[in-house]
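Topology and contacts: notes
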Amino acid sequence: MVFSSPTFLYYFLPVTIAAYYLTPMIKGSPRLRNFTLLAASLIFYAWGEPRYVFLMIIQCITTWGFSLLIEKFSKNSAAKILMLISVLFSFSFLIYFKYANFFIINLNNLAGTDIALIRLLMPIGISFYTFQNVSYTIDVYYKKTEAQRNLLDFSTYVASFPQLIAGPIVRYTDIAHDLINRVHSWPRFAMGTRRFIIGLGKKMLLANLFGELVEIYKISGDQSTVFTWIYLVAYTLQIYFDFSGYSDMAIGLGHVFGFKFPENFNYPYIADSITNFWRRWHMTLSGWFRDYLYIPLGGNRVKTYRFIINILIVWMVTGFWHGADWNFILWGGYFGAVMLIEKFFVGKLLDKSPKVLRHIYVMLIVFMSWTFFDALSFHEAFERIGRMFGIGSEMFAGNEALYYLRSYAIPFIIGFIGVTPLVKKISEKIDTKKTLSTILEPVVLAVILLLSTAAMVDGSFNPFIYFRF
Amino acid sequence: MEKRKMTIKELLSVSVFIGVIGILFVLNLIIPSPEVLVSERRIPARFPDFNTSTVYSGEFMKKFEDWAADHFVFRDKFRAINAFLVFEVYRQNDKSGLYRSSNVGIGEFQRLSESSFRQTSLRILRAAGIFDGLDMNIYYSVIPDKSVFAERYLPGFIMEKAEDILFEMFADFEYIRVIDEMRAECFYRTDLHWDQSMIANTAQKLLSSMGAETKLESHPAVVAGDFKGVYAGQYALPLEPDVMTYIDVPNLKVTYLNERSLEMDEGPVYDLVRFRGVDPYDIFLRGPQPLIVIENENAPQRELYMFRDSFGSSLAPLLTDAYSKIVVIDLRYIHLSLLGNFIDFVPGSDVLFMYGSQIFNNPTILQS
């Protein structure tokens with residue numbers, strides 16, 4: 001089930017919120033409500049993946065059980081073995097469902113074997129909940145948190161539907177307190193609904209619109225330089241509004257149910273370096289890799305050559321997390337390489353450069369990165385990069401490019417404004433005028449909600465990019 | 001639940017969320033579903049069967065999504081709001097491929113798919129194969145999509161590219177180019193089809209190209225009434241209707257293949273009852289029909305086998321001045337192999353394959 005569907009918004013959500021708040025708190029404990037939330041989450045997951053819901057339940061039970069054992073044997077070496085078994089067990093599902101075919105294809109190509117591919121769909125959200133399970137296990141091992149004794153509470157953490165299938169990657173330590181002792185309040189509920197509606201608007205009113213243009217470019221006969229740039233700008237906006245919109249909705253729903261999920265985006269397209277970009281884009285993922293891969297590898301407290309290797313490993317694995325294909329690995333490696341270049345060569349130059357130049361540099365690197373991300377092959381990615389600079393494009397600007405440039409002029413302007421903190425700043429300014437803010441905010445939210453509903457009812461183009469992961 | 005008192009702004013924001021979601025949830029439950037989605041000319045999805053098998057396979061969930069979207073309360077109003085957003089606020093030229101143009105009205109991009117054109121052409125070649133050895137004069141033509149007549153460039157159909165493919169595929173047949181006889185006004189503004197009262201030049205071009213010396217007579221045009229075409233509903237915003245006019249060609253005898261009895265039953269050229277139905281364009285030769293025979297005893301003794309789509313329904317009556325018998329065949333509704341059961345092909349006759357871009361772009365639609 002996707003958030004941006006009538007089924008979710010006008011059937012599942014009202015019933016779930018009503019059921020949740022009708023479930024009593026017993027002596028201030030939300031345990032019964034956790035049960036309601038877990039039940040709703042399993043229905044939510046099973047809606048799209050009836051069979052795979054059992055897979056997730058198995059992972060919840062094993063991670064929970066292993067972590068109790070890890071804690072129990074924390075004073076001897078068995079804990080480490082248990083931790084490794086638990087982590088490997090969690091990753092084994094991910095490797096089997098997401099990466100097995102990648103390895104088989106490459107093995108077949110290299111060794112000339114003829115191993116049959118696995119014909120299974122990847123369980124939605126497996127990359128997200130696997131990472132949550134793994135981080136929890138490691139945190140218990142390193143005693144950053146106590147193991148959760150109640151399976152129901154732990155399963156609520158892993159499976160809670162707001163963040164289940166496309167993040168943010170919530171660590172157990174982020175919400176351990178909320179799980180057993182959270183506060184529900186109307187102001188928090190209001191904050192959550194506001195955030196949810198904004199996220200829904202990003203998805204329905206902007207991301208989908210740009211997504212259509214991206215698809216048009218792919219089937220168009222016009223592969224001119226201008227149309228390639230239009231495509232890249234559209235994809236850049238689509239992926240941001242799509243993913244950050246989903247994160248907003250997830251964080252908003254978290255508040256509605258009394259949880260505080262971590263932020264996942266902080267206006268990445270205003271970054272002035274690629275290092276800075278990755279502090280603002282998918283923050284929970286880069287934080288995860290920093291804490292559970294980069295630092296265990298030695299981080300930056302190692303010799304230079306080792307540091308370079310660490311950075312490249314971390315970023316190539318980050319790319320691999322996004323997709324089981326070489327272009328994703330290259331995409332990750334590309335960012336790692338750019339960061340190394342920034343650190344060792346151009347960092348100081350960048351610092352001295354005018355802000356506008358730094359911004360152009362970042363966006364150029366990001367544009368090119370998305371060609372790898374969206375392409376089905378290396379060839380396609382390099383072909384599009386070539387066309388960006390007039391190499392391989394039949395013309396500079398075809399009729400179709402100009403048509404869509406005109407057609408998307410206003411959405412592009414809205415998109416460009418939307419990726420900056422300008423709206424937030426205006427909103428904060430309006431907040432200082434209490435009466436205006438009191439009237440304006442609910443009206444704007446109502447308009448966004450109704451327009452999003454209209455787009456939802458009218459349109460069928462509705463994929464979430466990050467569901468692939 | 002309270003920790004601090006809620007501000008009025010927060011109260012209003014929560015009210016908006018709960019109000020909109022709650023009210024629409026309740027209305028979706030209590031307001032009965034429409035039997036037909038009139039503006040979209042289709043039956044809404046049915047509520048799916050609920051049992052362990054459909055749930056476990058995911059079929060229930062998938063069909064529920066379709067049902068929930070189709071049965072959403074105020075569906076047309078919401079669609080209109082979205083159309084307003086796209087066309088009036090975003091000022092976009094089209095909404096998911098549905099364009100609006102000052103001179104051709106509303107239409108849908110018919111993006112030319114080269115592979116589909118080739119595959120459809122192969123099916124047409126297969127159909128033409130039934131005339132092997134019959135010494136037929138075989139002609140073909142493609143009806144341009146109305147977007148090619150738009151005042152400003154619209155993406156999609158490129159006539160020259162279509163013709164290049166067809167020249168290559170139908171090297172042995174004679175091509176009749178009708179685009180030069182047409183203009184924007186030949187098409188309804190709210191529909192994909194052409195207006196029968198505006199295509200006399202097209203009909204004349206076809207007849208001349210097929211060797212008919214007949215000059216088309218001027219028959220009276222009769223107004224059937226206001227007509228909102230297929231795009232009016234898709235567009236969702238208010239639109240002025242077109243006026244549907246038909247050309248009253250006298251002394252025609254029309255028989256239709258009755259798909260139940262497999263007999264040819266006589267019927268009208270223009271079915272005014274169907275004009276008031278779901279698709280008013282079905283007024284012409286009763287719309288979707290596998291096989292029709294039109295006879296004109298006053299016309300020269302010639303036969304034409306016309307393979308056509310819905311455009312052909314309004315065109316065929318105009319060709320009757322030059323043919324005593326026109327057999328109108330729609331391969332979307334009858335398989336090629338069955339034609340011999342109903343038609344005795346007369347050697348030396350004319351054969352015309354004439355389709356619009358929609359057919360060429362959907363290769364599996366022709367049963368040949």
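Parameters at a glance
Residues numbered from 1 in each chain as written. Chains lettered and ligands numbered in written order. Predicted model: local features only at pLDDT ≥ 70, side-chain atom pairs only at ≥ 80, totals over all residues. Helix = DSSP H or I, 4+ residues; strand = E, 2+ residues; numbered from the N terminus. Buried ≥ 20, exposed ≤ 12 C-beta atoms within 10 Å, placed from the backbone. Contact = placed C-beta atoms within 7 Å. Expected span 1.5 Å × (residues − 1). Domains from an automatic or database assignment. Nonpolar A, V, L, I, M, F, W, Y, C, P; charged D, E, K, R; others polar. Axes fitted to C-alpha atoms, helices over the stretch in contact; angles between N-to-C directions. Parallel < 35°, antiparallel > 145°, perpendicular 65-115°, else oblique. Left-handed = near helix turned anticlockwise from the far one by under 90°. Pairing = 2+ DSSP bridges.

**A word on the overall build of chain B**
A tally of regular secondary structure across chain B gives 11 helices and 13 strands. Once the C-alpha set of chain B is aligned to its principal axes, its extents read approximately 90 × 50 × 40 Å. Each of the 368 residues in chain B was classed as buried or not, and the buried ones make up 39%. Within chain B, counting contacts between residues at least 6 apart in sequence, those at least 24 apart form 69% of the total.

**Side note on helix 3 (residues 53-72) of chain A**
Note: α-helices contain 3.6 residues per turn, so residues at a spacing of three or four share the same orientation. All names here are of chain A. The first and last C-alpha atoms of helix 3 sit 29 Å apart over 20 residues, in line with the 28 Å expected at 1.5 Å per residue. If you check which residues of helix 3 are buried, you get M56, Q59, C60, T63, W64, F66, S67 and I70. Contacts made by the buried residues of helix 3 are with helix 2 (31-48), helix 4 (78-111), helix 5 (126-141) and helix 6 (151-159).

**As for the domain arrangement of chain A**
Residue and element names in this part refer to chain A. Annotation of chain A at the domain level lists domain 1 (6-182) and domain 2 (188-468). The distance between the C-alpha centroids of domain 1 and domain 2 comes to 26 Å. Between domain 1 and domain 2, the contact holds 26 residues from the first and 25 residues from the second. Listed by contribution, the elements that provide at least two residues to the side of domain 1 that touches domain 2 are helix 1 (6-22), helix 4, helix 5, helix 7 (161-164) and helix 8 (172-181). Looking at side-chain class alone, the side of domain 1 that touches domain 2 contains 17 nonpolar, 5 polar and 4 charged residues.

**A short note on the interface of chain B and chain A**
Listed as interface residues are 43 residues of chain B and, on the opposing side, 46 residues of chain A. In terms of residue count, the dominant contributor to the side of chain B that touches chain A is helix 1 (residues 8-30) of chain B (14 residues). Residue classes in the side of chain B that touches chain A are distributed as 24 nonpolar, 8 polar and 11 charged.

**Description of the packing of helix 6 of chain A against helix 8 of chain A**
All names here are of chain A. Between helix 6 and helix 8, whose axes approach to 10 Å, the crossing angle comes to 130°. Taken together, helix 6 and helix 8 sit at an angle that is classed as oblique. Along this stretch, helix 6 crosses helix 8, giving a crossing that reads as right-handed. Contact residues: helix 6 offers D153, T156 and Y157, while helix 8 offers Y172, I175, L179 and I180. Here the contact of helix 6 with helix 8 is composed, by residue class, of 5 nonpolar, 1 polar and 1 charged.

**Side note on the sheet that holds strand 3 (residues 105-108) of chain B**
All names here are of chain B. Taken in spatial order, the 3 strands line up as 1-2-3 in an open sheet, and their pairing is antiparallel. Across the chains shown, the open sheet's two edge strands, defined by having one partner strand only, are strand 1 (94-95) and strand 3. Here strand 1 pairs with strand 2 (residues 98-101) via 2 bridges, running antiparallel. Bridge pairing links K95 to L98 in strand 2.

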